[in-house]
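Per-entry structural report
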Amino acid sequence: MGLWRLSLWFRFSTIVHISWNAMPIYKGPEHITYFRTIQAFEDELAQNKRITWLVCFYTEWNPNCVNFAPIFAELSAEYNFDTLKFGKFDIGRFPEIAQKYRISDSSLSRQLPTVILFKNGKEVERHPKVDAKGKLLKFFFSADDVRASFDLNNLYKQCVEDKMKQSKPQQQIMNSTTTTTAAINKTQ
């Protein structure tokens, strides 16, 4: 009878420990859009094809996802731009999103987290990758590996340059309008 009570006490104390000492949630600076539906994400992709999205598909209960959260937030704070945005989907809560993007959310899945890069509204890169035989290729989700794999430095640079190219014609129009206005005022 004593062993039974000891095992019951152990189970109870384990449950209390887990519930009070849950995994920490990152609460630092971030520039992340949290999507709740496929429709909201697809609307965002269709709204402006010039925006490049780096999207993390995660679950709250997976240790790899919890460990990657502060890294993804750090990257979002570092690389966020008007045309380079970061998003997240909780596929544990919204499994239909996992099905659409072919991500397994099982407890034994090694696909979590999955990070996908979308350009012009289409998927162009994903990690971890799946080879031709359907086997998952290992990927270490460190800040440096994500930067290198998605070429974030060049991607950010390209977004800034594209924005500058777009703003030059507008500046020329504004400058010519200002010059014309000044000339009209001078003649009056």
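Cut-off values and rules
Residues numbered from 1 in each chain as written. Predicted model: local features only at pLDDT ≥ 70, side-chain atom pairs only at ≥ 80, totals over all residues. Heavy atoms only, no water. UniProt positions renumbered as here; feature names shortened; annotations may be inferred. pLDDT = per-residue confidence, 0-100. Contact = heavy atoms within 4.5 Å. Buried < 20%, exposed > 50% of the residue type's maximum accessible area, 1.4 Å probe, protein only. Helix = DSSP H or I, 4+ residues; strand = E, 2+ residues; numbered from the N terminus. Pairing = 2+ DSSP bridges.

Per an unreviewed UniProt entry, the recorded name for the chain is Thioredoxin domain-containing protein, and the organism is Glossina austeni. Turning to the chain, the UniProt annotation filed under Subcellular location (unreviewed entry) states: "Membrane".

Points about the confidence of the model for the chain
Here the chain averages 82 in pLDDT, while 81% of its residues score no lower than 70. Taken together, the stretch residues 176–188 has pLDDT below 50 and engages in zero contacts with residues farther than four places along the chain or on a different chain.

Some words on the pairing of strand β4 (residues 114–119)
Counting buried positions along β4 gives five out of six residues, so the element sits mostly inside the fold. As paired strands, β4 and strand β5 (residues 122–127) are joined by five bridges and run antiparallel to one another. Each bridged residue has a counterpart across the sheet, and for K119 the counterpart in β5 is K122. Between β4 and β5, which pair antiparallel in sequence order, lie two residues; one of them, N120, sits at a positive phi of approximately 50°.

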